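So the chains spell out like this:
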Amino acid sequence: LLDLKTGSSKLWISGGAGKAPRPLAPADAAGEDQRPGGWTHDGRYYLFAAGGLKSHDIWAIPIRDNLFGAHFDKALRLTAGPLDWTWPLPGNAEGGIYAMGESPRGMLVRRPSSEKEWGPFLGGISAHDLDFSRDRKWVAYSQYPEHIIYISPLDASAPARKLTPSDWEARQPHWSPDGARVAFMAQKPRGKWRVYIATVSSGAIEEPVPNGDDQGVPVWWNGGRSIVFGEWLYGQSKGPMKLHILDIASRRVSTLEGSEGLWTVRSSPDGAYLSALRQDSSALVVRNRRSPEWQPVLKMERLDDPMWSSDSGFIYVTARDRRQLIRVRVGDGRTETIADLSDFPLPDEAWFGTAPDGAALALQGVRDQEIYFVDWIRP
């Protein structure tokens, strides 16, 4: 059963006539995300994959018989990484298991408008959700697939520095105008999505709005005195989504006027504009600092990954159905196709953006996947 809110799956089992369905293994015993496998030939064990959304191990659950019929014992973990294990199936040999093992990663690539080929950017690191400081000296990113946020000088004069704990899923970092703080959205283990603010000098992290529903992408506004954030698309259970504005000094939160039905907000580097997508991702809309009216600048199905150019004159956005990276001029809505993505090797989580010099950026998928035979000594 798939949970649309969390994106995780749970395995259930029922009798042969479909009666008395129940979970195969509790989440706290085998992991939040469970994937199917198969029965051993003697029917004594069920093999499956379980773990978090990022990685899975191979598990076996014994079936015992007693006076009241068959029942399941506690699930047993058979592997402990380092691969993402899926589709475990029993082999012909006693105790053997076939399974898929994968090391998902990506390579950050760049393509100037004058060229047709993509080349490595920042050494080809596996990262997405890039955001550049206003002085163009620093970059913040979310490492893929671990989703740990790092900051790094663009000239590689110092090593990248980790901002978030390894057991958080952290995304969408955005620099404050003065470069002193980074706002991002993150989810602690079994927690809700929350907006966080990290102080770059000390590494201290604060949670300004600890209560309420899941929170979305945070961006800086009013010269760094406020943060505008949305709601998480899959956490919205009723009514239209809205954008919210947080006053940093008072911690007061209010709804941004005219923002019903909008999500994934972004702010222009010069602080003059906000952009957002319609809830159904069918339109890109923009408003300036002085007016609450949102104006559509692009209407197209399945828009994603909006990102402002460094001069605040353009918004780069992907059209998933058309497999294109598009640039929209804010002043008159003129569009230009920057890159055809029809043959671009995508990772599980695609991302596209732009570098400070206007070159297109992308996370290119690199898949290392093999079939393994795993020896297993049954208990």
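Structure's up top.
What you see is a predicted model, and the numbers here were worked out from it, not measured in a lab. (Residues numbered from 1 in each chain as written. Predicted model: local features only at pLDDT ≥ 70, side-chain atom pairs only at ≥ 80, totals over all residues. Heavy atoms only, no water.)

Here's the deal with the sheet that holds strand β27 (residues 303–308)
What holds strands together in a sheet is hydrogen bonding between their backbones, with the strands either parallel or antiparallel. Short version of the rule: By definition, two strands form a pair when at least two bridges between them are found by DSSP. Helix numbering and strand numbering both begin at the N terminus, where a helix is a DSSP run of H or I of at least 4 residues and a strand a DSSP run of E of at least 2. Note on method: axes are straight lines fitted to C-alpha atoms, helices fitted across the in-contact stretch only, with angles between N-to-C directions ranging 0 to 180 degrees.
Pairing is antiparallel in the open sheet, where 4 strands are placed in the order β27-β28-β29-β30. A single partner strand is all that each edge strand has here, and the edge strands are β27 and β30 (335–340). In this sheet, neighbouring strand axes are inclined to one another by 25 degrees on average, regardless of whether the strands run parallel or antiparallel. Sheet topology note: the β27/strand β28 (residues 314–319) ladder contains 4 bridges and is antiparallel. The partner of Trp 308 across the bridge, within β28, is Ile 315.

Some details on the pattern of salt bridges
Stated formally: By convention in these notes, a salt bridge is any Lys or Arg side-chain nitrogen within 4 Å of a carboxyl oxygen on Asp or Glu. Residue burial is assigned from relative accessible area. The probe radius is 1.4 Å, only protein chains are included, and a residue is buried under 20% of its type maximum, exposed over 50%, and partly exposed in between.
Applying the stated criterion across every chain, the model contains 13 salt bridges. Close ionic contact of Arg 44 with Asp 42 constitutes a salt bridge, the shortest N to O distance being 4.0 Å. The exposure class assigned to Asp 42 is partly exposed, which follows from its relative accessible area of 42%. When salt bridges that share partners are traced, they join Lys 10, Glu 32 and Arg 190 into one network.

Digging into a nonpolar patch on the surface
Rule in force here: The patches described consist of residues with a relative accessible area above 30% and no salt bridge, like charges being joined within 9 Å and nonpolar side chains (Val, Leu, Ile, Met, Phe, Trp, Tyr) within 5 Å. Under the convention used here, a 1.4 Å probe and the Shrake-Rupley method define accessible areas, while residue burial counts only the protein chains that appear.
On the surface, a nonpolar cluster with roughly 410 Å² of combined accessible area is contributed by Leu 89, Tyr 98, Ile 371 and Phe 373. Mapped onto the secondary structure, Tyr 98 falls in strand β9 (residues 97–111). Overall, the relative accessible area of 43% leaves Tyr 98 in the partly exposed class.

Describing the side chain of Asp 305
How we decide: N or O atoms within 3.5 Å of each other form a polar contact, as long as, within protein, one can give a hydrogen and the other can take it, and as long as residues adjacent in sequence are counted only when both atoms are side-chain atoms. Here, two residues are considered to be in contact whenever any of their heavy atoms come within 4.5 Å of each other.
Counting through the fold element by element, Asp 305 comes out in strand β27. For Asp 305, the side chain forms a polar contact with the main-chain nitrogen of Phe 352, separated by 3.5 Å. Discounting chain neighbours no more than four positions away, the residues touching Asp 305 are Tyr 316, Val 317, Thr 318, Arg 320, Ala 350, Trp 351 and Phe 352.

Overview of unusual backbone geometry
The amide bond that connects Gly 81 to the next residue, Pro 82, takes the cis arrangement and shows omega of -10 degrees. Considering the arrangement of structural elements, one finds Pro 82 in the loop between β7 (76–77) and β8 (84–90). Note that the residue after Tyr 144, namely Pro 145, is joined by a cis bond; omega there is 5 degrees. The phi dihedral of Leu 122 falls on the positive side, at around 55 degrees, and the residue is not glycine. The topology assignment puts Leu 122 in the loop between β10 (119–120) and β11 (127–132). One non-glycine residue, Ser 281, adopts positive backbone phi at about 60 degrees.

Observations regarding the packing of aromatic side chains
Stated precisely, the cut-off is as follows: Two aromatic rings from Phe, Tyr or Trp, using only the six-membered ring of Trp, form a pair when their centres are within 6.5 Å; if the ring planes differ by under 30 degrees the pair is stacked, by over 60 it is edge-to-face, and anything between is tilted. Note on criteria: charge over ring means Lys NZ or Arg CZ within 6 Å of the ring centre, with the direction from the centre no more than 35 degrees off the ring normal.
Scanning the model with the defined rule gives 13 aromatic pairs in all. A centroid spacing of 5.1 Å and a plane angle of 80 degrees characterise the contact between Tyr 45 and Trp 376, whose relative ring orientation is edge-to-face. One end of the pair, Tyr 45, is in strand β4 (residues 45–51); the other, Trp 376, is in the segment after β32 (360–374), and 331 residues separate them in sequence. For Trp 376, a relative accessible area of 10% translates into the label buried. Among the aromatic residues, those joined into a ring-pair cluster are Trp 39, Tyr 46 and Phe 48. The ring of Phe 314 is capped by Arg 327, whose NZ or CZ atom sits 4.1 Å from the centre of that ring.

Any functional reading would require information beyond the geometric quantities listed.
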